[in-house]
Amino acid sequence: MKTDELREKYLAFFETKGCVRQPSDVLVPAWDPSVLFTPAGMNQFKDHFLGKVKLDFTRATTCQKCLRTGDIDNVGRTAFHHTFFEMLGNFSFGDYFKEEAIHWAWEFLTDKKWLGIPGERLTVTVYKDDDEAFGIWHDKIGLPTQRITRMDEDENFWPASAPSEGPDGVCGPCSEIYYQLEDGSDVEIWNLVFTQFNRVGTPPDNLHPLPSKNIDTGMGLERTASVLQGVPTNFHIDSLFPIVEAASEVCGVKYEYESDNGRRLRRITDHARASVFAVHENVYPGPKDARSVIRRLIRRAVLDGYQMNLREPFLYKLVEAVADASKAAYPELGQTTQRVSEAIESEEKAFFSTIDGGMKRIHRLFEEMNDEASVMVPGAEAADLLTTYGVPPELVQTLAAEQNFTFDWSGFREAMDKHADESDGGQRVLFQTGPLETLKEALRETPFVGYEQTEATAVVKGIITGDGKGKGDDGQLLSHLDRPGDAVLRVVLDHSPFYGESGGQVGDIGVISNDNFEFEVIDTQRHASLIVHHGRLIRGKINEGETCTAKFDVENRTALARAHSATHILHHALHTHVGRHAEQQGSKVEPDRLRFDFTNPKAIDDETLVKIEQDVLSMVSKGDEIRWDTVSLADAREAGAMMLFGEKYPDPCRMVSMGTFSRELCGGTHLTNTKQVGSFEVVVEESVSTGTRRIEALTGERAKEHREQTQALLNEVAGKLNCDASVAAAATVALIEEVRRLKKELSSGKAADYPAEFVFDAKAAKAETTDISDYNAVRAAVRGLTRRLNVAITDVLSRLDSLLADRSKLVEQLKQVTAGGKISADDLIADGTKVGDTLLIVAETPGANPNIMRGWIDQIRKKSDTPTAVLLASAMNDKVMLVGGLSRDLVDRGLKAGDWVGAAAKVVGGSGGGRPDMAQAGGKDASKLPEALQQARETMTEKLG
């Protein structure tokens, strides 16, 4: 049976049992902070199990995309482990229970209409105390007792060992179904979890029956397919082996099942598949959280290729193979192969540039271990190799074994526990607790009524202390509060017109009040389906159960709507002028300000940026209608609505349309006409990370103000630089270059004359002019200024002030350098004395800095045909600088410039040192400089004598 057929049969079978087929959740569920990746089919139904949401159905079935890396070291080595896999599941929320779940599992597995597996090939396990499940298997299904095994809580309870070790919360026994392979070994293909208890405290008597019992079952798609297809590993099933073969071809290595390269090719297959699905959902490789896991998978696969002598990116070539092998169930993968390939290739290139460094580090480590007669690779060293170079520990262990070294796994895990980026890709805390969870359980949701009305009469349902942002501080539920002040609180209502931050749009502000109290809302957040109002009690006493009026700030909401509607228009303009690959990677919508991140491998040039902006303004000026409709997902797709990969949309969904040019699924608040955006001004286009760019833009009055500021800036710059506005940009560049030149001349001592004030001669410089009547030309010049100065537009003038101050200071320092007259190496040689065969020069060089003094010493050593010892000094701003140098033959005699200069520095209250042939020191007491120079002469004369 083909894998796609097995998936469809499972879902169809449970539909016949009244289960509602639900789509897979996304790989990275943003709504659930307890996980990095979706680890199991039940994850999307956690609140259903807990009764915290309104139930539209009590039975469900899914095929869930999952990603776990807890068993990452076994991938490719064992027959059945993966990082990315599909889990078939059926679920009951207070509906059917053990008897139905067991009967249906047996029916699907053994009935010839479905899988037709011979019953004698199946055995089961139950929890040791679960007599009910044992009885169903034995008395109803007819399994003999020797094929039913009672197991302890670490094997057959969920969560594992929950009765004795916790955590508190819902839990229950399991029953697992095993298939017997031809060699007599067993493989688990199905797990039935019976969540029937609430664990409270320590044993005994800590398992309390739940009033509503649930079913959570899972069957591994790949494992069951391998059983039905009679192949030795999951990697040989029809949906995975084509990827193995593609990897073999790309790597130029023959696939042999038992070989090391065979294991490497299987691991490459797994990691390529996981990475493709993740990047498709916009989870790009990066340094933190879910992104760090994808980076780790890609780098592990690249290292496998490296061990097969590949030195150029190759993994990206498997993207098409993964998409093709998965197209029946996930045709959307085919829409993003180019984007996914580019992202993976970019990560490969970056890693290949560091691999050699990692391998050299390993070899140095082994050499040190041999020198020290060590036998165990330190875990901390292995952790550093992973976090710095991306070298996985199993590779270090393999290389160590070749040198007869062992590996400190416990030390490695301890070191990685301290590393914030490390994650197993699975669950952190299974079920959240705290006052918000208590309210969610009681209220299920806060209906949002803010699309239709600006204020609403509501009832206070919860008052919680704190803002919930403190680590480990969830706050406390209060029945009332009568202490107005600056402390931030949270208030939950039975319904609300306030928009909670989501979809990039920040939360509303406003007021919740009645005759007894006034609560200022400074932010609105979402906690799953609850709307949570953050703010301060301004006056009076607020009570739970009190009726009040909730009113958001209409002007602020309108400014948000302008920016949000402009974001949709910008997205369309990017597709027009940059390409369809410019997909949204994130956004933030604030009052009349938007930030939009999108996929693009390089910066957008100014000319294209102007076209994008003009396109947005053109669509704004047309005044197209903006509308939103609640439609089915199928109808939205048919209408061509843009859907972001990696987002899970409700069905039915809210589709926002702008004229005929834009349709997006969006829950945010919008205008009713594009003309209401008013104005649109791009502020900056910049890099966020490899392959991701960001545009920040303004709308409404903020855009107009920015435009006026931009137009005025060249005149303000011209006023500071005493030039015409048309050459202000060129004058700024000239100032930057002049400051750089002054610093170089001060270091070298080759000073030219500079006027006290900065003067820009546009004619002599043949300066490029700006047409100040053309706003686009003015803006391009201003953008060039901000890039050259590396500041925001608001900081340009202060940066210019700083540069002008630097210039004045440098000019003054150059004057000090030349104040004592011109000094040359020849002058210093002429003033030197002979001590034996050595030329000794000890001199004060007023105004000279260390770079100048070092330059003179080098020139003296080159010009002199005898051994030389030179010590030069200068005093500036009450500080003393000393630089000394010896020729090579004096160093060979055992003399050290550091000792010589250091002794002189002590006289002026300082210290220093350096190489035997050149040293530098500083001092604080300029009045003792003559004494220090005299000591230097006497000391060196004595050494040379």
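Residues numbered from 1 in each chain as written. Predicted model: local features only at pLDDT ≥ 70, side-chain atom pairs only at ≥ 80, totals over all residues. Heavy atoms only, no water.

Under an unreviewed UniProt entry, the protein chain has the name Alanine--tRNA ligase and belongs to Rhodopirellula baltica WH47.

## Observations regarding the sheet that holds strand β33 (residues 918–923)
The strands making up a sheet are joined through hydrogen bonds of the backbone, oriented either antiparallel or parallel. Condition: Here the rule is simple: two strands pair whenever DSSP picks up at least two bridges between them. Helix and strand definitions follow DSSP, with helices as H or I runs of at least four residues and strands as E runs of at least two, each counted in order from the N terminus. For helices, the fitted axis covers only the stretch in contact; all axes are lines through C-alpha atoms, and the angles between them, taken along N-to-C directions, range from 0 to 180 degrees.
Strand order in the open sheet formed by 6 strands is β28-β29-β30-β31-β33-β32, with mixed pairing between adjacent strands. Each end of this open sheet is capped by a strand with a single partner; those strands are β28 (833–835) and β32 (911–914). Pairs of neighbouring strands in the sheet enclose a mean axial angle of 15 degrees, with direction left out of account. The sheet contact formed by β28 and strand β29 (residues 838–844) spans 3 bridges and is antiparallel. Bridging from a neighbouring strand, V835 pairs with T838 of β29.

## Observations regarding the domain arrangement of the protein chain
Test applied: The split of the chain into domains comes from an automatic or database domain assignment. By definition in these notes, contact holds between two residues if any of their heavy atoms fall within 4.5 Å. Accessible-area loss on putting two parts together, using a 1.4 Å probe and summing over both, is the definition of buried area adopted here. What counts as a salt bridge is simple: a side-chain nitrogen of Lys or Arg found within 4 Å of a carboxyl oxygen of Asp or Glu. Each polar contact in these results corresponds to two N or O atoms within 3.5 Å; when the atoms are within protein, one needs to be able to donate a hydrogen and the other to accept it, and residues that are neighboring in sequence are counted only if both atoms are side-chain atoms. Classification convention: Asp, Glu, Lys, Arg as charged; Ala, Val, Leu, Ile, Met, Phe, Trp, Tyr, Cys, Pro as nonpolar; all other residues, Gly among them, as polar.
When the domains of the protein chain are assigned, the result is domain 1 (3–229), domain 2 (240–422), domain 3 (435–552), domain 4 (557–704), domain 5 (722–819) and domain 6 (825–944). Measuring from the centre of the C-alpha atoms in domain 3 to the corresponding centre in domain 4 gives 30 Å. Each side of the interface is counted separately: domain 3 has 11 residues, and domain 4 has 12 residues. Buried area between domain 3 and domain 4, both sides added, is near 950 Å², and the carbon and sulfur share of it is 50%. Counting the surface domain 3 buries against domain 4, the share from its top three residues, Y451, Q505 and V506, is 56%. Of the charged contacts, one joins D508 and R557 as a salt bridge, the two residues approaching to 2.7 Å between their closest N and O atoms. For the pair domain 3 and domain 4, the interface holds 8 residue pairs in polar contact (both at pLDDT 80 or more). Tallied by class, residues from the side of domain 3 that touches domain 4 come to 6 nonpolar, 4 polar and 1 charged.

## Looking at the UniProt feature "binding site: Zn(2+)" (unreviewed entry) in the protein chain
Stated precisely, the cut-off is as follows: UniProt positions are given in the numbering used here, feature names are shortened, and annotations may be inferred rather than shown by experiment. Using a 1.4 Å probe on the protein chains alone, a residue whose accessible area is under 20% of its type maximum counts as buried, one over 50% counts as exposed, and one in between counts as partly exposed.
The UniProt record annotates "binding site: Zn(2+)" (unreviewed entry) at H564, H568, C666 and H670. Spanning 107 residues, the annotated positions come together in the fold, the maximum distance between their C-alpha atoms being 10.0 Å. Mapped onto the secondary structure, H564 falls in helix α17 (residues 554–577). With residues near it in sequence (within four places) discarded, H564 still touches G503, Q505, V589, C666, G668, T669 and H670. Note that C666 resides in the loop between β25 (662–665) and β26 (680–689). Note on C666: relative accessible area 13%, which makes it buried. Those residues in contact with C666, other than ones at most four positions away along the chain, are H564, H568, R654 and V656.

## Things to note about unusual backbone geometry
Put simply, G166 and P167 share a cis peptide bond, and its omega is 10 degrees. Mapped onto the elements, P167 comes out in the loop between α6 (162–165) and β7 (169–180). In this model, P203 is joined to P204 through a cis peptide bond whose omega is 0 degrees. With phi around 75 degrees, N309 is a residue other than glycine that occupies positive phi space. Position of N309 relative to the elements: it lies in the loop between α10 (289–307) and α11 (319–325). The exposure class assigned to N309 is exposed, which follows from its relative accessible area of 64%. The phi dihedral of D592 is positive, around 55 degrees, even though this residue is not glycine. For D592, the position within the fold is in the loop between β21 (584–590) and β22 (593–599). Among the residues examined, D592 registers a relative accessible area of 6% and is labelled buried.

## Overview of the nonpolar core
Just so we agree on the cut-off: Only buried Ala, Val, Leu, Ile, Met, Phe, Trp, Tyr and Cys residues count toward a nonpolar core, and they belong to the same one when joined by side-chain atoms within 4.5 Å.
W137 and W190 are the most contacted members of the largest nonpolar core, which has 119 residues in total. Here this core gets 11 residues from one element, more than from any other, and that element is helix α12 (residues 337–371). Shared between two domains, this core holds at least three residues of each, these being domain 1 (3–229) and domain 2 (240–422). With near-sequence residues (within four places) excluded, W137 lies in contact with I102, W106, V124, V126, G142, L143, I148, S175, I177 and L192.

## Some words on a negative patch on the surface
The condition is simple: Patches in this entry comprise residues that are over 30% relatively accessible and not in a salt bridge; like charges within 9 Å are linked, as are nonpolar side chains (Val, Leu, Ile, Met, Phe, Trp, Tyr) within 5 Å. Accessible surface area values rest on a Shrake-Rupley calculation with a 1.4 Å probe, where residue burial reflects the displayed protein chains alone. In this charge count, Lys and Arg are treated as positive and Asp and Glu as negative; neither His nor the chain ends contribute. Taken as the charge location is NZ of Lys, CZ of Arg, CG of Asp or CD of Glu.
Taken together, E367, E368, D371 and E372 make up a surface patch of like negative charges. E368 sits in the partly exposed class, given a relative accessible area of 43%.

## Digging into α12
Test applied: Multiply 1.5 Å by the residue count of a helix minus one, and that product is the helix's expected span. A residue's bend is simply the angle between two axes: one fitted to the seven residues ending at it, one to the seven starting at it.
Over its 35 residues, α12 runs 50 Å from end to end, which matches the ideal 51 Å to within 8%, given 1.5 Å per residue. The principal kink in α12, of about 35 degrees, is found at T354. Just past α12, the residue A373 takes up positive phi, approximately 60 degrees.

## Quick look at the packing of α17 against helix α18 (residues 606–622)
To be explicit about the condition: Here the angle decides the label: under 35 degrees means roughly parallel, over 145 means roughly antiparallel, 65 to 115 means roughly perpendicular, and every other value means oblique. Each crossing gets its handedness from the near helix: less than a right angle anticlockwise from the far helix is left-handed, clockwise is right-handed.
Orientation of α17 relative to α18, taken along the N-to-C sense of each, is 135 degrees, at an axis distance of 9 Å. Judged on the interaxial angle alone, α18 and α17 are oblique. Regarding α17 and α18, the two cross each other, and that crossing is right-handed. Facing I569, L570, H572, A573, L574, T576 and H577 of α17, the residues of α18 in contact are T608, K611, I612, D615, V616, M619 and V620. The class makeup of the residues in the contact of α17 with α18 is 8 nonpolar, 4 polar and 2 charged.

## Digging into the packing of helix α3 (residues 98–110) against helix α4 (residues 131–141)
It is the contact of α3 with α4, at a shortest axis distance of 10 Å, that shows an interaxial angle of 50 degrees. By the criterion of interaxial angle, the relationship of α3 to α4 is oblique. In this structure, the crossing between α3 and α4 has a hand that is right-handed. Across the interface between the two elements, K98, E99, I102, H103 and W106 of α3 pack against E132, A133, I136, W137, K140 and I141 of α4. Along the lines of polarity and charge, the residues of the contact of α3 with α4 split into 6 nonpolar, 1 polar and 4 charged.

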